[in-house]
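Report on the structure
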Amino acid sequence: MAAANDGAPLGSSVISLVNKLQDIFSRVGSQSSIDLPQVAVVGSQSSGKSSVLEALVGRDFLPRGNEICTRRPLVLQLVHIQSSQPESAEFLHLPGRTFHDFSQVRAEIQAETDREAGGNKGVSDKQIRLKIFSPNVLDITLVDLPGITKVPVGDQPSDIEARIRTMIMSYIKVPTCLILAVTPANSDMANSDALQMAGNADPDGHRTIGVITKLDIMDRGTDARNLLKGDIIPLRLGYVGVVNRSQEDIMMNRSIKDALDAEEKFFRNHPIYSGLADSCGVPQLAKKLNKILAQHIKAVLPGLKARISTSLVTLAKEHASYGDITESKAGQGALILNILSKYCDAFSSMVEGKNEAMSTSELSGGARINYIFQSIFVRSLEEVDPCEDLTDDDIRTAIQNATGPKAALFVPDVPFEVLVRRQISRLLDPSLQCARFIYDELMKISHRCMVTELQRFPFLRKHMDEVIGNFLREGLEPSETMITHIIEMEMDYINTSHPNFIGGSKALEAAVQQTKSSTVSLPVSKLKDALDSEKGLASERSVKSRPILARHANGGMADHGVRAVSDTDKVVHSGAAGGSSWGISSIFGGGDNRVSMRENTNSKPHYDPVQSVHSSSTIHLREPPSVLRPSERSSETLAVEITVTKLLLRSYYEIVRKNVEDLIPKAIMHFLVNNTKRELHNVFIANLYRDDLFEEMLQEPNEISVKRKRCRELLRAYQQAFRDLDDLPLEAETVEWGHNSPETTGLPKIRGLPTSSMYSTGSSGDSV
């Protein structure tokens, strides 16, 4: 390692900066989001990783043995110091304690590993951070990762290989991490675990440096020259061959300095490797790592600074959300007033669509309220057919019930009003449901309306939720009352004089036109002739039978039918002439009785009723059934009256529906939505601005204090890191390779190093 003493180490400023940043972030336990540049050492168990690291340091300080030794990631920071200063080591988990005896360093690594991973070969992903100060090292940061093992031993789980591979991949997949892939020369390179994992994490080979160990114990007649030249498995950054101490050398306490001298003689004198002597050996590996790491750091610095700046902004916002602890009553009252005002402003902004954090992926706030009004409430009412639940039999029954014990001369208004009120009443439930939908949306807005200060005070949030919940429920009551009144108003007064109402004459005309187009009914042209003929016959029968029918019950029914026919004819003529608002004749009342009477008259010979009484015994009437329905006989006149009724119902229902579609949203907006916006702040003040509640509402949970403390530490760390990056000179020193290594053949040089496309800054995507 004597070469390391020739002047100041190259790239020391940027590497020292990264080491400093690593220390800063390690103390607060946060580095994953920054991904600082480092070198990860990867290799299978017993591949020689520990020997390479000890050779780089020049000291025995790592646990050794035949079984797995590295059971936790060891972050090793090598710091070059002046030759006049003594060598020392420091652990991050033991602040203030300095080690000068490196056997104690080994013991502490072993003890700290056992504390976390157990004493029976367990493995953990929690780092151990060790900093070594020596005049014999170059500034490098290395991460010694557990060796890839195949068979679990001790307390290791059955999937130990998969776990170790996952741990290694979590380091080397980061674009800012250089990969030091250690492979023994006496193994099949095609099956190298280190090169295989490095190829998965760095398929282009821009971040991988190959290290070939155990060159001195290869089988006779074999060599690794082609591998070192990159002819077998090419790597952009090339390979370095090293010769480590054997187990016998370690047991005999052979010094690392003597081992380095022997390594240099091996390469200089070896007939195969002598031509590569300037690019092989641990000193050359140290220089190469130092230079590549320095250049790599320079390449990623712009992106690193951008990520730290972004993290600073995020942390500053988070720290501001935790605020400061306020003790005085005046300060507490002012804080509560400020929070309540912000909350009310945020609530109104969300309802009005002025929220800064407006979503672009879904409707929110007031837009959802409008959607409920227009796309749910109005559309649902428009899709309703007012006659869908009314059969022709229902309408016929309603008409006959309205005539009472006698046939009506004109169809009364009662059936129409009964049926239309029944349909209007159906609008009450969807209107009330609409109000409840809006209430639910306001509750959702109140929950999503998050003021940053409320994260600190869950008890204040709880009180506010109770107050606004009660206030919204109170606002729902007058809304529902007003909605009920609106529907009742429509039911209480059926305004048949409304200009948009179709009216009786138009309804009759439309009904006749519809009946003309029907293939089931008789031709409507015969309707008037049939009614005139029946009128004459009925008058004649009336004159002949009235004196006798007046004395007998059966005569009453016949008389009833005669009146119905004669009245019907009169009203048909008046309807055709455009009479009253209904303009419908008594065909609504006595059609079935007339038909029955006519059938009886035409099918039986005429007998004198008086003679019939004397010629037979007492007549027994059938008892009427418990449930009576109107006759199911169909006729053209019956079809007309049913069609007219449906037309009138649809016409008036449309008038009411439009009124409801307009008035219900207005009532909900007035009594519920706008009233909440206007009065919410006053309600909060009346219920929450009380001295006896200040202390309870501003009580912080313990985790908030912990988060505030940690956020403050992180903020200071990022601020210090940002200042350190600002202090770094832009014109960082250039580096040179002192040899013409095979891996640089055909590559452009920045005084010896490949250019921009080699190095990615990770998430920022910038390159130099």
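My aim in this report is to walk through the structure given alongside it, one point at a time.

The rules behind each value
- Residues numbered from 1 in each chain as written.
- Predicted model: local features only at pLDDT ≥ 70, side-chain atom pairs only at ≥ 80, totals over all residues.
- Heavy atoms only, no water.
- Phe/Tyr/Trp six-rings, centres within 6.5 Å; stacked < 30°, edge-to-face > 60°.
- Buried < 20%, exposed > 50% of the residue type's maximum accessible area, 1.4 Å probe, protein only.
- Helix = DSSP H or I, 4+ residues; strand = E, 2+ residues; numbered from the N terminus.
- Expected span 1.5 Å × (residues − 1).
- Arc of directions from axis to C-beta.
- Contact = heavy atoms within 4.5 Å.
- Axes fitted to C-alpha atoms, helices over the stretch in contact; angles between N-to-C directions.
- Parallel < 35°, antiparallel > 145°, perpendicular 65-115°, else oblique.
- Left-handed = near helix turned anticlockwise from the far one by under 90°.
- Nonpolar A, V, L, I, M, F, W, Y, C, P; charged D, E, K, R; others polar.

Now for the packing of aromatic side chains. In this description, an aromatic ring pair is defined by two values, namely the gap between the centres and the angle between the planes. Inspection of the entire model under this criterion finds six aromatic pairs. Consider the rings of Phe 91 and Phe 99, whose centres lie 5.4 Å apart with planes at 85°: the pair is edge-to-face. Note on accessibility: Phe 91 and Phe 99 belong to one class, buried. Plain terms: the ring middles of Phe 266 and Phe 267 are 5.3 Å apart, the flat faces sit at 80° to each other, and that makes the pair edge-to-face. Phe 267 sits in the buried class, given a relative accessible area of 2%. Taken together, the aromatic side chains of Phe 266, Phe 267 and Tyr 273 make up a single cluster linked through ring pairs.

With that settled, consider helix α8 (residues 256–269). Every α-helix winds through 3.6 residues per turn, so residues three or four apart in the chain are directed the same way. In this model α8 runs 20 Å from its N-terminal to its C-terminal C-alpha over 14 residues, within 8% of the 20 Å that 1.5 Å per residue would give. Of all the residues in α8, the buried ones are Ile 256, Ala 259, Leu 260, Glu 263 and Phe 267. Down the axis, α8 shows its buried residues gathered within 100° of arc, on one side only. Facing away from the buried surface of α8 by more than 90 degrees, the exposed residues are Lys 257, Lys 265 and Asn 269. Where α8 is buried, its residues contact α2 (49–57), β9 (239–241) and α9 (282–322).

Turning our eyes to something else, we now look at the packing of helix α14 (residues 428–448) against helix α15 (residues 458–492). The relative placement of two packed helices comes down to the angle between their axes together with the axis-to-axis distance. α15 packs onto α14 with a crossing angle of 160° between their chain directions and a minimal axis gap of 10 Å. The orientation of α14 relative to α15 falls into the category roughly antiparallel. Considering only the axes of α14 and α15, their crossing is right-handed. Contacts between α14 and α15 involve Leu 428, Ser 431, Leu 432, Ala 435, Arg 436, Tyr 439, Leu 442, Met 443, Ser 446 and His 447 on the former and, on the latter, Arg 461, Asp 465, Ile 468, Gly 469, Leu 472, Arg 473, Leu 476, Glu 480, Ile 483, Thr 484 and Ile 487. Residues that form the contact of α14 with α15 fall into these classes: eleven nonpolar, five polar and five charged.

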